[in-house]
Amino acid sequence: MRRAIPVVFLLALLASGRAGAYTGNELLSACEDREGSFGDGFCLGYIVANLQIQRSFGMRCTLPVQHEHPQGIVVKWLKDHPAALDLRASHLIALAYDDAFPCEESAQPPASPPAD
């Protein structure tokens, strides 16, 4: 059931035509809604769906298997970087996680072989 929630949110975003078009301001506003509200659920679903997409496309070299508060990581980063709030929320989520869980040299994905 927990895995289905991000998929449902992602499908809802795609159907709305706004997938990836939310800004940091909009995401922060949703994340600051009271716990259990629609905005709070949207925030969690949007963040988790973005993280799963990043992982499935190999865009993250490391990511904790399980952590308790994905919203906390993103909200803290957004509040610490107010000048970036007009950028796409999906990009800001990636930046927040890059800061929170930086790649280690040994964890870098292998380089592509040179083209013939």
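Above this note sits the structure.
One structure accompanies this document, and this report is about it. (Residues numbered from 1 in each chain as written. Predicted model: local features only at pLDDT ≥ 70, side-chain atom pairs only at ≥ 80, totals over all residues. Heavy atoms only, no water.)

As for the pattern of salt bridges
As a reminder, the rule being used: Each reported salt bridge corresponds to a side-chain nitrogen of Lys or Arg within 4 Å of a carboxyl oxygen of Asp or Glu. Each helix corresponds to a stretch of at least 4 residues labelled H or I by DSSP, and each strand to a stretch of at least 2 residues labelled E; elements are numbered beginning at the N terminus. The rule is simple: take the accessible area with a 1.4 Å probe, protein chains only, and divide by the maximum for that residue type; under 20% is buried, over 50% is exposed, in between is partly exposed.
Scanning the entire structure with this criterion turns up two salt bridges. The shortest N-O distance in the salt bridge between Glu32 and Lys79 comes to 3.2 Å. You can see Glu32 sitting in the loop between helix H2 (24-31) and helix H3 (38-56) and its partner Lys79 sitting in helix H4 (residues 70-80), a full 47 residues away along the chain. For Lys76, the salt bridge identified is with Asp80, shortest N-O distance 2.6 Å. Linking Lys76 with Asp80, this pair stays in helix H4, spanning four residues, or about one helical turn. What makes Lys76 exposed here is its relative accessible area of 53%.

Re the packing of aromatic side chains
What counts here: Pairs were defined over the aromatic rings of Phe, Tyr and Trp, the Trp ring being its six-membered one, requiring ring centres within 6.5 Å. Orientation was assigned from the angle between planes: stacked under 30 degrees, edge-to-face over 60, tilted for the rest.
What the rule picks out here adds up to five aromatic pairs. One aromatic cluster is present, built from ring pairs that chain together Tyr22, Phe38, Phe42 and Tyr46.

Considering the nonpolar core
Formally: Take the buried residues of types Ala, Val, Leu, Ile, Met, Phe, Trp, Tyr and Cys, join any two whose side-chain atoms come within 4.5 Å, and each joined set is a nonpolar core. Any two residues having at least one pair of non-hydrogen atoms within 4.5 Å are treated as being in contact.
One finds Leu27, Tyr46, Ile47, Val74, Leu78 and Ile93 to be the most contacted residues of the largest nonpolar core, which totals 21 residues. Secondary structure elements with two or more residues in this core: H2, H3, H4 and helix H5 (89-100). Residue contacts for Ile47: discarding those within four places in its chain leaves Leu27, Cys31, Pro70, Gln71, Val74 and Ile93.

Here's the deal with the state of the cysteines
The condition is simple: In plain terms, two cysteine sulfur atoms within 2.5 Å form what is called a disulfide here.
One pass over the structure, following the stated rule, counts one disulfide. A disulfide bridge connects Cys31 with Cys43, and the sulfur atoms are separated by 1.8 Å. On the sign convention where negative means left-handed, the S-S torsion of about 85° between Cys31 and Cys43 marks this disulfide as right-handed. Of this pair, Cys31 sits in helix H2 while Cys43 is found in helix H3, placing the two residues twelve residues apart along the sequence. Judged by relative accessible area, which is 10%, Cys31 ranks as buried. The class of Cys43 is buried, set by a relative accessible area of 0%.

Side note on H3
In plain terms, the rule: Helix span is expected to be 1.5 Å times the residue number reduced by one.
Taking 1.5 Å per residue, 19 residues should reach 27 Å; H3 reaches 26 Å between its end C-alpha atoms and fits that length. Of all the positions in H3, only Gly39, Asp40, Phe42, Cys43, Gly45, Tyr46, Ile47, Ala49, Asn50, Leu51 and Gln54 are classed as buried. With its phi angle positive at about 70°, Gly58 sits one or two positions after the end of H3.

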